[in-house]
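So the chains spell out like this:
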Amino acid sequence: MTDRGPSPECWNAQLPPERRAIGIVEQAIGQIDGLVDYATRRQSVAHTRG
């Protein structure tokens, strides 16, 4: 078994609240950006399944 280091929860607990909030917003923006391709039919759902 390999040591992966601290868990994401541990890293999050060490971040200031402002940085955690920015991380959540950045993740949401990335998810919305990914949905734009599907909404505009530039990428099909079948294309991403592997």
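Residues numbered from 1 in each chain as written. Predicted model: local features only at pLDDT ≥ 70, side-chain atom pairs only at ≥ 80, totals over all residues. Heavy atoms only, no water.

## A look at the overall build of the protein chain
And then number 1: Tallying secondary structure elements over the protein chain gives 3 helices and 0 strands in all.
And then number 2: Moving toward the C terminus, one meets the helices and strands of the protein chain in the order α-α-α.
And then number 3: Buried positions account for 0% of the 50 residues belonging to the protein chain.
And then number 4: Of the roughly 4,800 Å² of accessible surface on the protein chain, a fraction of 58% belongs to carbon and sulfur atoms. (Helix = DSSP H or I, 4+ residues; strand = E, 2+ residues; numbered from the N terminus. Buried < 20%, exposed > 50% of the residue type's maximum accessible area, 1.4 Å probe, protein only. Areas by Shrake-Rupley, 256 points an atom, 1.4 Å probe, with all protein chains shown as cover.)

## What to know about the pattern of salt bridges
And then number 1: For the structure on display, the rule yields 1 salt bridge.
And then number 2: Glutamate 26 is paired through a salt bridge with arginine 19; the nearest N and O atoms lie 3.6 Å apart.
And then number 3: Overall, the relative accessible area of 45% leaves glutamate 26 in the partly exposed class. (Salt bridge = Lys/Arg side-chain N within 4 Å of Asp/Glu carboxyl O.)

## Comments concerning the confidence of the model for the protein chain
And then number 1: In the predicted model, the protein chain carries a mean pLDDT of 78, and 76% of its residues have values of at least 70.
And then number 2: Within the protein chain, the lowest mean pLDDT, 57, falls on helix α3 (residues 45-48), and the highest, 89, falls on helix α2 (residues 17-39). (pLDDT = per-residue confidence, 0-100.)

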